[in-house]
Protein chains: 2
Amino acid sequence: MSALETTESHESIARTNENFMRTYKAGDRPGMAGFYTKDAQILPPNENIVTGEEAIRDFYKDMMDMGIKEVVLRTIEFEPIGETAVEVADYKLYGEGSAELDYGKCIIIWKKEHGEWKMHRDMYNSSLPVQG
Amino acid sequence: MSALETTESHESIARTNENFMRTYKAGDRPGMAGFYTKDAQILPPNENIVTGEEAIRDFYKDMMDMGIKEVVLRTIEFEPIGETAVEVADYKLYGEGSAELDYGKCIIIWKKEHGEWKMHRDMYNSSLPVQG
């Protein structure tokens, strides 16, 4: 993969991440599923694996209904390998009045689907200590 | 990547996983770090990212000291892409008398380092509901 292709992949995914954060903040539940491949999976803590479009839509609906108003992602590391890219990022979750509710990290496996980068496997966990 | 190379990578990583489980069960704390690349990271739940050999050794020491006697990994999905491989697996943790303590899933990013597959990014989270 050329340096140019690497830069293009990185920029394209950075734009998608910006768009992802904006879509979440707007409360656009069905829009969230559009960031994922057709057979994508989210691997959330304390839940089973979430598979496919309908389940992903419900996952974000639940998250919004729980009072999580904003998701902020920051890429730590990014490596495109052909039609796949591996991203390590950290995240923060904010509630009503910009209260910080949680922070942690994620690994996202991206796939190019019909020329567009989509999230294919999306795993995260909190860095906060276990609540007693 | 040829079908033969894919099969070889898969078999090689399957053997490494077997060895990993055996090494853990034997309580071989320093041995555990040998499964990781030089600049590897573990991304555990409810903790910050664990980076490098010494921190990884301490991580496994703590895990063994906590009474986790056995780790069982089962590959769900495996995709080698050149010198990188993405594995999705599930795990179970057992304590004294084979009591099941936890189960969940992981994403492991493998890298070929000096001809050997090593874990480079290793993230997991529990599928058990949050303990109240």
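Before any of the text, the structure's been laid out above.
Calculation rules
Residues numbered from 1 in each chain as written. Chains lettered and ligands numbered in written order. Predicted model: local features only at pLDDT ≥ 70, side-chain atom pairs only at ≥ 80, totals over all residues. Heavy atoms only, no water. Helix = DSSP H or I, 4+ residues; strand = E, 2+ residues; numbered from the N terminus. Expected span 1.5 Å × (residues − 1). Buried < 20%, exposed > 50% of the residue type's maximum accessible area, 1.4 Å probe, protein only. Arc of directions from axis to C-beta. Pairing = 2+ DSSP bridges. Contact = heavy atoms within 4.5 Å. Axes fitted to C-alpha atoms, helices over the stretch in contact; angles between N-to-C directions. Phe/Tyr/Trp six-rings, centres within 6.5 Å; stacked < 30°, edge-to-face > 60°.

## Here we look at helix α3 (residues 53-65) of chain A
A turn of α-helix holds 3.6 residues, and therefore any two residues three or four places apart point the same way.
Residue and element names in this part refer to chain A.
At step 1: The end-to-end C-alpha distance of α3 is 18 Å, a good match for the 18 Å that 13 residues give at a rise of 1.5 Å each.
At step 2: Of all the positions in α3, only Ile 56, Phe 59, Tyr 60, Met 63 and Met 64 are classed as buried. Looking straight down α3, one finds that the buried residues subtend no more than 130° of arc, so they occupy a single side.
At step 3: Immediately downstream of α3, the backbone of Gly 67 shows phi near 95°, a positive value.

## Observations regarding the sheet that holds strand β4 (residues 84-94) of chain A
Residues and elements named next belong to chain A.
At step 1: Read from one edge of the open sheet, 6 strands run β2-β1-β6-β5-β4-β3, paired in mixed fashion. Two strands in the sheet have a free side with no partner beyond their single neighbour: β2 (50-51) and β3 (70-81).
At step 2: Where strand β1 (residues 36-43) meets β2, 2 bridges bridge the pair, whose relative direction is antiparallel. From the neighbouring strand, Gln 41 faces β2, where its bridge partner is Thr 51.
At step 3: Where helix α1 (residues 3-25) meets the sheet, it contacts β1, β3, β4, β5 (100-113) and β6 (116-126), and its direction lies at approximately 160° from that of β3.

## Here we look at the packing of aromatic side chains
Residues and elements named next belong to chain A.
At step 1: Applying the stated rule across the entire model yields 12 aromatic pairs over all chains.
At step 2: Ring centres of Tyr 24 and Tyr 60 lie 6.2 Å apart, and the angle between their planes is 70°; this geometry places the pair in the edge-to-face category. Of this pair, Tyr 24 sits in helix α1 while Tyr 60 is found in helix α3, placing the two residues 36 residues apart along the sequence. Take Tyr 24 and Tyr 60: they sit in the same class, and that class is buried.
At step 3: On the numbers, 5.7 Å between centres and 90° between planes, the contact of Tyr 91 with Tyr 124 is edge-to-face.

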